[in-house]
Structure formats: structure tokens, C-alpha cells
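Take a look at the letters that make up each chain.
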Amino acid sequence: MSLEHHKNATLRYQQQVDNSRDYVVPFIQQEFPQLEGLRVMEVGCGEGGVLTPLLEKGCHCVGVDLAPARIELARSFLGKYETNGQLKLITKNIYDVDFLGEFRNAFDVIILKDAIEHIPDQEKIVGHLKQLLTPRGQVYFGFPPWYMPHGGHQQICHNKFLSMVPYIHLLPTPVYRGILRMFGEENDIVSELMDVKSTGISIERFERIVKRQGYKITRRRFYLINPIYKYKFNVSAREQWKPVAAIPYVRDFVTTCMYYMIKPV
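Let us look at the structure shown here. (Residues numbered from 1 in each chain as written. Predicted model: local features only at pLDDT ≥ 70, side-chain atom pairs only at ≥ 80, totals over all residues. Heavy atoms only, no water.)

As a further point, take the overall build of the protein. Secondary structure summary: the protein contains 13 helices and 8 strands in total. In terms of overall dimensions, the protein is globule-like: its C-alpha atoms have a radius of gyration of 18 Å, near the 18 Å expected for 265 residues. A principal-axis box enclosing the C-alpha atoms of the protein has dimensions of 50 × 40 × 35 Å. Here the protein holds 265 residues, and 53% of them are scored as buried. Pairs at least 24 residues apart make up 70% of the contacts formed inside the protein by residues separated by at least 6 positions. Accessible surface for the protein amounts to roughly 12,100 Å². Of this, 55% is attributable to carbon and sulfur atoms. In the protein, 33 positive and 28 negative side-chain charges are present, and the distance between their average locations comes to 6 Å. (Helix = DSSP H or I, 4+ residues; strand = E, 2+ residues; numbered from the N terminus. Rg over C-alpha atoms; globule rule 2.2 N^0.38 Å. Buried < 20%, exposed > 50% of the residue type's maximum accessible area, 1.4 Å probe, protein only. Contact = heavy atoms within 4.5 Å. Areas by Shrake-Rupley, 256 points an atom, 1.4 Å probe, with all protein chains shown as cover. Lys, Arg positive; Asp, Glu negative; His and termini not counted. Charge placed at Lys NZ, Arg CZ, Asp CG, Glu CD.)

So this is what it looks like as C-alpha cells:
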């Protein structure tokens, strides 16, 4: 059951805007109350919806994505901010030497929203981001923990049954792949789900990486119900019950979204 926002870029953009305005930006503001003039970069910016409320509040933003088509979509929604010099949209790898040369120590906030779980070498990117932060800078992460019911992104399946089955992504890879093919999923969907299976990240693994790479967690929020589920499943966001959030590993299976702010020690 491929959801409508997977196919409709305008709808997807507007959902990103609403989610950012209601949840992401207020979370960031707990660390940076004054947003006007803040220098912000989003890695994997897609259509640019996450950045939109920040631009509206006077931030100076850079959106980076490896997909030229996504950057062009962002440009179609946010062209006025490019024109006035408040926004720069770039199709580039942030590891490129010239990118680092231009943006070393440039950003007060770096955003990775629903991105870290798609990145192969997570340790590398978390460490690399330090070079792009200002002395007061922090990194925001929002992601679904791998072990939660739909942590494999199986909701993108065209088959309605598969898209709703919880925890199926935790099956051994050959079994999972075989089930996807048996239910008629197309090769590109199978490939995307296998990629997510190879890069999915748990709460504990993320926090170990953060510590090893010389950061401290300045703010953390557990969600029992991911705010974005308002659009996917018509349910309201709900924070995780604190006693559950305090139990390592168990919390991974019942927490559908994590928000973090981290800063170099």
C-alpha cells in the first residue's frame, strides 16, 4: 500500500512543512530559542519542507541532497528564498573536498531528518559533521529505530498486507527478500527495503556512535507514536512512557521515533 505522499511531491512537501513547524523546530528551539539569523544545513533535504519554517523565521539555510530531481523540487517550492539569498540548494556529497572548503565551521544547526537510517557508514558521517559546525553548533537527528514495528520502512510496499505487517523486516534477509518477491513487490521496492535493512540503526547503536565520535547528547525525545504518523495513519503523536524509555533495548521495539540534539564535547 504505497501511501499517497510517496507519489505526490506537493503533498509530501506540505506534510514535511507541518511536521517541521509543529515538532522539529520547537525541539531545536529548546537549544536555540532565537532562530533569526541562525545558520542551518539539512543533509538529505528532499523537497525542502523541513527547512521552510526555519526560513520563515529568518534562518539562513543550505539544503543538500544527492538527487538532482529532489533539489529541483525544493527549488520549485522555495525559489523565492534562493532569489533573496536566504537559501542555497546544492546537489553534492558533503564529503567532497570543495564542500568542506566552502562550509567548514559554517553551521549552527545541521539537520538529518529521516536520513541517518539510510546512510551506510553512520559512524563516518557523525564524525564528519563536526567539521561543519560553528563553535556553538549542534546536530539534530530524527529517525525511526530499526527494531520498532515498521522500522524497515515496509509501509512503502505496494501490497497492502505487507505494508501493514509489523516487525517483518526483522526476519533473516533471505527470508524477508523471498516474502517480498512472493507477494509481488517490484525490484526497486525490494532493493530499497534491502538497503534500509543494511543501514537501519537502533537507539543504543546511535548513542554509542555519538559517544565514540566525541559528542554529548544535549536533548533527547522518545515517541511512542511518531508525529509523522498523523499523515500516514491518522493518529496523533504521543511521547513514549518514561519507564519504557528508560529500559535499554526493550524501548527499541516500541519507540517509533527518536529526536536528538547533540554537540561536540
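Still more ground to cover, so stick around.
This part takes up the state of the cysteines. The final tally for this structure, using the stated rule, is 0 disulfides. Of all cysteine sulfurs, the one in cysteine 45 lies closest to cysteine 257, which takes part in no disulfide; the gap is 19 Å. (Disulfide = S-S within 2.5 Å.)

Pairing within the open sheet is mixed, and its 8 strands lie in the order S3-S2-S1-S4-S5-S8-S6-S7. Of all strands in the sheet, those with a lone pairing partner are strand S3 (87–91) and strand S7 (238–239), marking the two edges. Alignment of strand S4 (residues 107–113) against strand S5 (residues 133–143), held across 6 bridges, turns out to be parallel. Counted as the bridge partner of lysine 113 is glycine 142 from S5. On the sheet, helix H4 (residues 68–83) packs against strand S2 (60–65) and S3 and is oriented at approximately 170° with respect to S3. Sitting on the sheet, helix H10 (residues 203–212) touches S5, strand S6 (215–225) and strand S8 (257–264), and the angle it makes with S6 is about 165°. (Pairing = 2+ DSSP bridges. Axes fitted to C-alpha atoms, helices over the stretch in contact; angles between N-to-C directions.)

A few words on the environment of aspartate 195. Mapped onto the elements, aspartate 195 comes out in helix H9 (residues 187–199). Relative accessible area serves as the criterion here: at 47%, aspartate 195 is assigned to the partly exposed category. In this structure the C-alpha to C-alpha distance between aspartate 195 and glutamate 117, which are 78 residues apart in sequence, comes to 9.6 Å.

Okay, the packing of aromatic side chains next. A full pass over the atoms with the stated rule returns 16 aromatic pairs. A ring pair is formed by tyrosine 229 and phenylalanine 233, whose centres lie 4.9 Å apart and whose planes are at 80°; its orientation type is edge-to-face. When its relative accessible area of 32% is taken as the criterion, phenylalanine 233 is described as partly exposed. (Phe/Tyr/Trp six-rings, centres within 6.5 Å; stacked < 30°, edge-to-face > 60°.)

Residues of helix H8 (residues 173–182) that are buried: Tyr176, Ile179 and Leu180. Buried residues of H8, viewed axially, fall in a sector of 100°; they line one side. For H8, the exposed residues lying more than 90 degrees away from the buried face are Pro174 and Met182. Those residues of H8 that are buried are in contact with helix H7 (160–164) and H9. (Arc of directions from axis to C-beta.)

Let us look at the nonpolar core. Grouped together as the largest cluster of nonpolar side chains are 35 residues, with contacts concentrated most on Met41, Ile110, Leu112, Leu129, Leu132, Val139 and Phe141. Excluding its chain neighbours within four sequence positions, the residues that come into contact with leucine 132 are Met41, Phe99, Leu100, Phe103, Arg104, Asn105, Ala106, Phe107 and Ile110. With 30 residues, the next largest nonpolar core counts Val25, Phe27, Val109 and Tyr259 among its residues. (Core = buried A, V, L, I, M, F, W, Y, C linked by side-chain atoms within 4.5 Å.)

Here we come to a negative patch on the surface. Taken together, Glu186, Asp188, Glu192 and Asp195 make up a surface patch of like negative charges. You can see glutamate 192 is positioned in helix H9. Since its relative accessible area comes to 37%, glutamate 192 is described here as partly exposed. (Patch = residues over 30% accessible without salt bridge, like charges linked within 9 Å, V, L, I, M, F, W, Y side chains within 5 Å. Salt bridge = Lys/Arg side-chain N within 4 Å of Asp/Glu carboxyl O.)

With that settled, consider unusual backbone geometry. Despite not being glycine, aspartate 114 has its phi angle at roughly 55°, a positive value. By secondary structure assignment, the location of aspartate 114 is in the loop between S4 and helix H6 (122–129). Taking relative accessible area as the criterion, aspartate 114 reaches 31% and is therefore assigned partly exposed. At tyrosine 167, a position not held by glycine, the phi torsion is positive, near 65°. Tracing the backbone shows tyrosine 167 in the loop between H7 and H8.

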